[in-house]
Amino acid sequence: MFYREAGQYKTSYAADMAIFPIRQDRIGIAVILLIAFVIIPVFGNQFFLSSVMIPTLVFSLAAIGLNILTGYTGLISLGTAAFMGVGAYACYKLTSWFPGVNILVWIIASGFVSAGVGALFGLPSLRIKGFYLVVATLAAQFFLQWCFVRIPWLVNYNTSGAIEVPERTLFGVVITGANATPTARYLVLLSVVAALTWFASNLVHGRVGRAWMAVRDMDIAAELMGIRLLTTKLLAFAVSSFYCGVAGALMVFLWYGSAEPEVFVINQSFLVLFMVIIGGLGSLIGSFMGAALIYMLPIVLRMLPAALGLPIASATVEHLQFIIVGALIIVFLIAEPHGLARLWQTGKQKLRIWPFPY
Amino acid sequence: MRAPGGKDGLVAGDVLLAVDNVSLSFGGVKAITEVSFDIRKGEIRAIIGPNGAGKTSMLNVINGFYHPQQGRITYKGATRQKMRPYVAASQGISRTFQNVALFKGMSTLDNIMAGRTLKMQGSFFWQLFRHGPAMREEIEHRRKVEEIIDFLEIQAIRKTPVGKLPYGLQKRVELGRALAMEPDLLLLDEPMAGMNLEEKEDMSRFILDVNNQYGTTIALIEHDIGVVMDLSDRIVVLEYGRKIADGTPDQVKSDQKVIDAYLGVSH
Ligand SMILES: Nc1ncnc2c1ncn2[C@@H]1O[C@H](COP(=O)(O)OP(=O)(O)OP(=O)(O)O)[C@@H](O)[C@H]1O
Ligand SMILES: [Mg+2]
C-alpha cells in the first residue's frame, strides 16, 4: 500500500481534473466516510458522539463557511457567530410556522436566509478592504447580536428568551428535541455536512472558486480580466453565510437543543476564525482539522491530568488551554499560514517520493 | 500574414483603437497631457519613453482602470469619454502588468483558466455538482488552456503555484493568462523587463507568433530599444506625458526629439 501515483496515467482532462486524482486519496476518502458513517455510530459511545463528534462537525461546517470568505476570497469577517445565529433563529421561526414541513428543509432554507443577510452586510466590501472591512463585519456581529436579544418575536416570545427546539422526525425517527438519540442526530448532521462539503469542494475547484481566489490574490488583475468584483465578493459572502447559517441551525437543533442569544456572541466568531487559521486558509480539509483541534484540545486537556494522575486544578487547565491555542495561532501565522492542511500536504508529498527524495 | 476581418467587422489596417487628446493627472501630477494616437488592427504598436513618461498610465486609460480628465477613446468604432474595466475586458482588451500581477496562490493552470472566466457562463447550479454542463464547460476550456500552455512551452509548470516560479516564467504565465481571453487587443507592459537575453528572445518570439498566428493586435511598452525596433510596426514616443514622436521604427530612430530624450539632453 504505497502512496504513489506511478502507473496511474491520466488519459483525459476529466481524470486530471478530478478532485482526488491519486487513487490512494480516493481510497482514503472512502475509508474516512466508512468510519464516519458506520464505524463511529456503531462503536462510538454516547459521550463521544454528542460531546466530540457532533460539535466538531458543526464547527467544521462553520469553518468551511468562514474559509470560503476569508481563505478563498481574502475577506476577513468577525461576523461568523451572528450569521450562525441568523440560521438558527430563521430555522426556529420557519419550523414554528410550518411544523409539518420536514425540519431538514428548514435547516437548508435557513441557510438561504443567512445568505441573504450575509450578502447585505457584504455590500460595503466593494468599497472597503482589510481592517475597515473587519470593522464592518464587527458591526454586523453586534447589530445582529442585539437583534437576537431585543426582538422577542424571534423566539416566539418565550419567557426564557431562548430557542426551545421542538421535537421533529425524519422517516419516523426523532432527530431533534429531548428524545432524539445522539446516534440519530449524529447521522443526520454527518449527512448534511458531507453533502455540503462536497458542494463546497465542487465550487472551489471550478470557475467560481477561481474567481474567488483571483479576487483574493490580485483584485486589480481580476477586475481587468472581466471578473466582476462586486458580484464575486457578494457571492462569497452569500455562500459563506449560507454555510454558517446552516451550521448555526444544526448547532441549535442537533446539538444544543436550546439556545440563548449568548451562544452567538463575538467569542464564537473568534473561535471559528482560529479554526480556519490553524486548519489552513483556503483549505476544506483544513477546516475539519482546525475545528477538530480547537474543539477537542480542551476536552483532551481536561481528561489528561486525571488520566495521568496529575493533580492539576481545572482552572489551571483552562489557562493552559488559552496559552496553547494562543501559541498555536502565533506559530501558524508566522511559520505556516496554510495551517495543518499544508503540513498534511507536505507530509503526503514526502511520502509520495519516499524513499528517494530526488 | 495579417488577420482577416474579425467579428467586429474590422479588417487589418483599420483603426482598432484611437486615443484622442487624452489628459490624465493625479492631483497636481500630470501623467498624460493631450496625447493622441491610434492602433491599427493587426499591428504591433510600441509605446516607448523614459521612466515616468506616462506609458503605463496610458495602458491604464485604455483598459479603463484610470479615467482621463479630458479626451476621448474610440474602440471598435464606439467613442467614449472613458473606458470601464469590465467593458474593456468583455470587448476583448487584455493585458499584462509591469510588476507581474498573477494570482500567486493559484497554479499556472488555474491562473490561465481564470483568464477564461468571461467565456465561462454556465449556471451556478451546475457548478455545485461539477458534473454535466459544468464539467463539459470546464473540459472545453481546459483544452484551450492546454493549447496556450503548449504554445508557451510551460507544460512542466502546469500545476506549480505561480508564486514559486522564477520571474521570467511568471512573465510567461502572465502572457498566457492574457492570451486565454482570446483578446482582440493585447496590452503588454514591459514583458521583457528583468529578463536575460535568452528569455528575451523567447518572449519576442512568442509576441511575434501571437501577432502572426492569431492576428492579435498588440500594444507593447518596452525599454529595450533593440527589441522595440525589431518587433514593432509603428512606435509612439512619450516624454513627460506628452507625445514627442510617432511613426515607423526608421522614422522614430532618426527623430531629433527622440534622440534628445534618450540621450538625456536637458530641457
Ligand atoms: N496612481 C498614481 N498616483 C499618482 N501618480 C501616479 C500614479 N500612477 C502614475 N503616476 C505618475 O504618473 C507619471 C507617469 O507614470 P507611469 O507609471 O505611467 O510612467 P511609465 O512611463 O510607465 O514609467 P516606467 O517606465 O517607469 O514604467 C509618473 O510621474 C507617476 O509618478
Ligand atoms: Mg510603466
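Think of each chain on its own: its residues are numbered from 1, step by step along the sequence as written. The lettering of chains begins at A and the numbering of ligands begins at 1, in the order of writing. Totals for whole chains, interfaces and linings use all residues, but because this is a predicted model, local features are given only for residues with pLDDT of at least 70 and pairs of side-chain atoms are given and counted only at 80 or more. Based on all heavy atoms of the structure, the side-chain values leave hydrogens and waters out of the count.

K.L.:
For this particular structure, what's the right way to read the overall build of chain A?
P.N.:
Check the secondary structure of chain A and you find 14 helices and four strands. For a compact globule of 358 residues, the expected C-alpha radius of gyration is about 21 Å, and chain A comes in at 21 Å, within 12% of that figure. When the backbone C-alpha atoms are referred to their principal axes, chain A occupies close to 70 × 60 × 45 Å. Across the 358 residues that make up chain A, the buried fraction comes to 51%. Two residues qualify as a contact provided that any one of their heavy atoms is within 4.5 Å of a heavy atom in the partner residue. Considering only contacts within chain A whose residues lie at least 6 apart along the sequence, 74% involve residues at least 24 apart. For every accessible area listed, the method is Shrake-Rupley and the probe measures 1.4 Å; residues are considered covered only by the protein chains on display. Accessible area for chain A stands at about 16500 Å²; split by element, carbon and sulfur atoms hold 71% of it. In this tally, Asp and Glu contribute negative charge and Lys and Arg positive charge; neither His nor the terminal groups of the chain are included. Note on charges: their place is set at NZ of Lys, CZ of Arg, CG of Asp or CD of Glu. Measuring between centres, the 20 positive side-chain charges of chain A sit 7 Å from its 12 negative side-chain charges. Only DSSP runs of H or I with at least four residues qualify as helices, and only runs of E with at least two residues qualify as strands; both kinds are numbered from the N terminus onward. Note on method: radius of gyration uses C-alpha positions; expected globular size equals 2.2 Å times residues raised to 0.38. Here's how the labels work: a residue is buried when its accessible area is under 20% of the maximum for its type, exposed when over 50%, partly exposed in between, all with a 1.4 Å probe on protein chains only.

K.L.:
I would appreciate a short explanation of the packing of helix α4 (residues 80–97) of chain A against helix α11 (residues 266–279) of chain A in the present structure.
P.N.:
The relative placement of two packed helices comes down to the angle between their axes together with the axis-to-axis distance. All names here are of chain A. Note on geometry: axes are C-alpha line fits, over the in-contact stretch for helices, and angles between N-to-C directions span 0 to 180 degrees. Where α4 meets α11, the axes come as close as 6 Å, and the angle between the chain directions of the two elements is 110 degrees. Taken together, the axes of α4 and α11 are roughly perpendicular relative to one another. Contacts between α4 and α11 involve T80, A81 and M84 on the former and, on the latter, Q268, S269 and V272. The classification used treats Ala, Val, Leu, Ile, Met, Phe, Trp, Tyr, Cys and Pro as nonpolar, Asp, Glu, Lys and Arg as charged, and all other residues, Gly among them, as polar. For the contact of α4 with α11, the residue count by class is three nonpolar, three polar and no charged. Throughout, the term roughly parallel applies to angles under 35 degrees, roughly antiparallel to angles over 145, roughly perpendicular to angles from 65 to 115, and oblique to all others.

K.L.:
Can you walk me through the site of ligand 1 in this structure?
P.N.:
Residue and element names in this part refer to chain B. Residue proximity to a molecule or strand is established when one non-hydrogen atom of the residue lies within 4 Å of it. Around ligand 1 lies a shell of 14 residues, among which G52, K55, T56, S57 and Q98 are the nearest. In protein, a polar contact requires one atom able to donate a hydrogen and another able to accept it; more generally it is a pair of N or O atoms within 3.5 Å, and residues adjacent in sequence count only if both atoms are side-chain atoms. Between ligand 1 and G54, the relevant distance is 2.9 Å, taken from an oxygen atom to a main-chain nitrogen or oxygen of the residue. The fraction of the free accessible surface of ligand 1 (630 Å²) that becomes covered by protein chains is 65%. Per-element accounting of the shell around ligand 1 gives the leading share, three residues, to helix α1 (residues 55–62). Classifying every residue of the shell around ligand 1 by side-chain character gives five nonpolar, seven polar and two charged.

K.L.:
Is there a simple way to explain helix α8 (residues 207–217) of chain A in this structure?
P.N.:
Two residues of an α-helix separated by three or four positions point the same way, owing to the 3.6 residues in each turn. Counting buried residues in α8(A) gives nine out of 11 residues, a clear majority hidden from the surface. Those residues of α8(A) not exposed but buried are R207(A), V208(A), G209(A), R210(A), A211(A), W212(A), M213(A), A214(A) and V215(A).

K.L.:
What is the right way to look at the interface of chain B and chain A in this model?
P.N.:
It is common to give the size of an interface as the accessible area lost on bringing the parts into contact. In this complex, chain B contributes 41 residues to the contact, which on the side of chain A involves 30 residues. Summed over both sides, the interface between chain B and chain A buries roughly 3300 Å², with carbon and sulfur atoms accounting for 66% of that surface. The term salt bridge refers to a side-chain nitrogen of Lys or Arg lying within 4 Å of a carboxyl oxygen of Asp or Glu. For the pair chain B and chain A, the number of links is one salt bridge. Taking the shortest distance from any N to any O, the salt bridge between R210(A) and E138(B) comes out at 2.9 Å. For the side of chain B that touches chain A, the elements supplying multiple residues, two or more each, are α2 (85–90), β6 (93–95), α3 (108–114), α4 (124–127) and α5 (132–151) of chain B. Defined in terms of a 1.4 Å probe, buried area is the accessible area two parts forfeit on being brought together, summed over both.

K.L.:
Sorry if this is basic, but what is going on with the pattern of salt bridges here?
P.N.:
Close approach of charged atoms lets side chains of opposite charge pair. Residues and elements named next belong to chain B. One pass over the structure, following the stated rule, counts 21 salt bridges over all chains. The closest approach of N and O atoms between E43 and R45, which form a salt bridge, is 3.8 Å. What you see here is one network of salt bridges that share partners, running through D38, E43, R45, R234, K243 and D246.

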